[in-house]
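# Topology and contacts: notes
Below are the chains, spelled out letter by letter.
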Amino acid sequence: MKEMIKNAGILLAITVIAGLVLGLVYETTKDTIAAREEADKKAAYKEVFADARDFEPIENEIMSTEYRQELDDAGYKAVSIDEVVKAIGAEGSVLGYVYTVTTSEGYGGDITLTVGINNSKVVGGISILTINETAGLGMNAEKVLKPQFAGKQVDSFKYTKTGSTADNEIDAISGATITTNAFTNAVNCCLKYYEDHR
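Described in the following lines is the structure provided in the data block. (Residues numbered from 1 in each chain as written. Predicted model: local features only at pLDDT ≥ 70, side-chain atom pairs only at ≥ 80, totals over all residues. Heavy atoms only, no water.)

### Considerations on the pattern of salt bridges
Short version of the rule: Salt bridge, as applied in this entry: a Lys or Arg side-chain nitrogen positioned within 4 Å of an Asp or Glu carboxyl oxygen. Think of it this way: any DSSP run of H or I at least four residues long counts as a helix, any run of E at least two long counts as a strand, and we number them from the N terminus. Each residue's exposure class comes from its accessible area (1.4 Å probe, protein chains only) as a fraction of the maximum for that residue type: buried when under 20%, exposed when over 50%, partly exposed otherwise.
Counted by the stated rule, this structure contains 8 salt bridges. Salt-bridge contacts for Lys 192 lead to Glu 70; the nearest nitrogen and oxygen are separated by 3.1 Å. Of the two residues, Lys 192 is situated in helix H5 (residues 177–197) and Glu 70 in helix H2 (residues 65–73); the sequence distance between them amounts to 122 residues. The exposure class assigned to Glu 70 is partly exposed, which follows from its relative accessible area of 36%. As a salt-bridge pair, Glu 142 and Lys 146 come within 2.7 Å of each other at their nearest N and O atoms. Residue class for Glu 142 comes out partly exposed when judged on its relative accessible area of 42%. Overlapping salt bridges bring together Glu 47, Glu 142 and Lys 146 as one network.

In structure tokens, the structure reads:
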């Protein structure tokens, strides 16, 4: 019994010390991590809206309960608009908007993108913030899917496995149609949000 109490005491001490060390590490690194995440977001904004001088967050509610239901009804249950920022030009005018969007339809889990859409409803591009797809397949999204959206002015995109023949068609990644579908739905959700809220 004494041995069990002694071992339990040792385990408790180790647990307390480990918890304190983890807490200390978190406290000392959280500001650095937050600053890095913010810098990554701003770099992603700039990637999809190169002409913008600055980016201003939209302060109003991004996703009301009613609008969430509207997106669900439109087939975007697995997609959420996380953030919307205005892209501000050199003269202070609004050039368009950048949307941070997350889809849970990826093969490897959530995919988070930024999507830039200008005032003429042209997709300026997309930037990948987080992705965890299969190496050699879904992870090819950076080089295969990403360039196909830029510069297109369409109401919505669809993907094809037989080669795109129109602006609204995206060539699917071979062997990774789940990833292709996730990207297409995420960008289409942003286009719908733009149309509904501009």
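### Quick notes on the nonpolar core
Going by this rule: Side-chain atoms within 4.5 Å link the members of a nonpolar core, which is a set of buried Ala, Val, Leu, Ile, Met, Phe, Trp, Tyr and Cys residues. We call two residues in contact whenever any of their non-hydrogen atoms come within 4.5 Å of each other.
With 35 residues, the main nonpolar core has Ile 81, Tyr 99, Val 115, Phe 149 and Phe 183 as its most contacted residues. At 9 residues, H5 tops the list of elements feeding residues into this core. Ignoring anything within four residues of it in the chain, the contact list for Ile 81 reads Ile 62, Met 63, Tyr 99, Thr 100, Val 101, Cys 189, Cys 190 and Tyr 193. Core analysis: the next-biggest nonpolar cluster, separate from the first, contains 8 residues, Phe 49, Ala 52, Val 85 and Val 98 among them.

### Details of the packing of H2 against H5
How two helices pack is summed up by the angle between their axes together with the distance between the axes. Put simply, the rule reads: For every element, the axis is a line fit to its C-alpha atoms; helices are fit only across the contacting stretch, and the angle between N-to-C directions ranges from 0 to 180 degrees. Orientation categories follow fixed angle ranges, with anything under 35 degrees roughly parallel, anything over 145 roughly antiparallel, 65 to 115 roughly perpendicular, and all other angles oblique. If you view the pair so one helix is near and one far, a crossing is left-handed when the near helix is turned anticlockwise from the far one by less than a right angle, and right-handed when it is turned clockwise.
Where H2 contacts H5, the axes come no closer than 12 Å and their chain directions differ by 130°. Taken together, the axis directions place H2 and H5 in an arrangement best described as oblique. For the pair H2 and H5, the sense of crossing is right-handed. Together, Tyr 67, Glu 70 and Leu 71 of H2 and Cys 189, Lys 192, Tyr 193, Asp 196 and His 197 of H5 make up the contact between the two elements.

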